[in-house]
Amino acid sequence: MWFLVASWLFAPFVFNPSGFDWQKTVDDWTDWKRWMGNRGGIGIQPDKSWESWWDGEQEHLKYTTVRGRFLEIVLACRFFLYQYGIVYHLDIAHGSRSFLVYALSWVVMATVLLVLKGPVQRFKVLGIDKGTC
């Protein structure tokens, strides 16, 4: 497992001939931050905004049938299995097989999500744009 993690972290540097060029790394980081920060919407290309890219990725759900949406939900349930694997098979629970440990892991995940997503939602409700802060 740790080999897989290390390979994901270092593969961009190993297989990219410009991976150790500091200025290219800074330029890539700046481009990524701009892509993540730009607002999407009608007419905004997916390569200009993360929001537009996400809308394009989810557009198939607008035109699919109930069966297609059901299958999408079933495929999304694989993350419950990942969570199970993280909690029990990486021995984070220290050998405990209690359902309470699994439920507590979801409470932790929900808390992290609320802490990270909460300020963004408050700014949207207040009508504050990131550029005006």
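Here the structure is a predicted model, which is why all the values come from computation and not from measurement. (Residues numbered from 1 in each chain as written. Predicted model: local features only at pLDDT ≥ 70, side-chain atom pairs only at ≥ 80, totals over all residues. Heavy atoms only, no water.)

A. Representation of the pattern of salt bridges. Enumeration over the complete set of coordinates arrives at 1 salt bridge. Across the salt bridge formed by D31 and R34, the nearest N and O atoms sit 3.1 Å from each other. With D31 and R34 both in helix 2 (residues 22-37) and 3 residues apart, this pair spans about one turn of that helix. (Salt bridge = Lys/Arg side-chain N within 4 Å of Asp/Glu carboxyl O. Helix = DSSP H or I, 4+ residues; strand = E, 2+ residues; numbered from the N terminus.)

B. View of the packing of aromatic side chains. Under the criterion given, the structure shown has 5 aromatic pairs. Here the aromatic rings of W50 and W54 are separated by 6.0 Å at their centres, their planes lie at 10°, and the arrangement is stacked. Pair noted here: W50 and W54 are both in helix 3 (residues 50-58), with a separation of 4 residues, about one helical turn. Judged by relative accessible area, which is 32%, W50 ranks as partly exposed. On the basis of relative accessibility, which here comes to 39%, the residue W54 falls in the partly exposed class. Ring pairing ties together the aromatic residues W35, W50, W53 and W54, which thus form one cluster. (Phe/Tyr/Trp six-rings, centres within 6.5 Å; stacked < 30°, edge-to-face > 60°. Buried < 20%, exposed > 50% of the residue type's maximum accessible area, 1.4 Å probe, protein only.)

C. Spatial organisation of the environment of R69. Inspection of the secondary structure assignment puts R69 in helix 4 (residues 66-76). For R69, a relative accessible area of 41% corresponds to the partly exposed category. Not counting the four nearest positions on each side in its chain, R69 is found in contact with L61, K62 and T64. (Contact = heavy atoms within 4.5 Å.)

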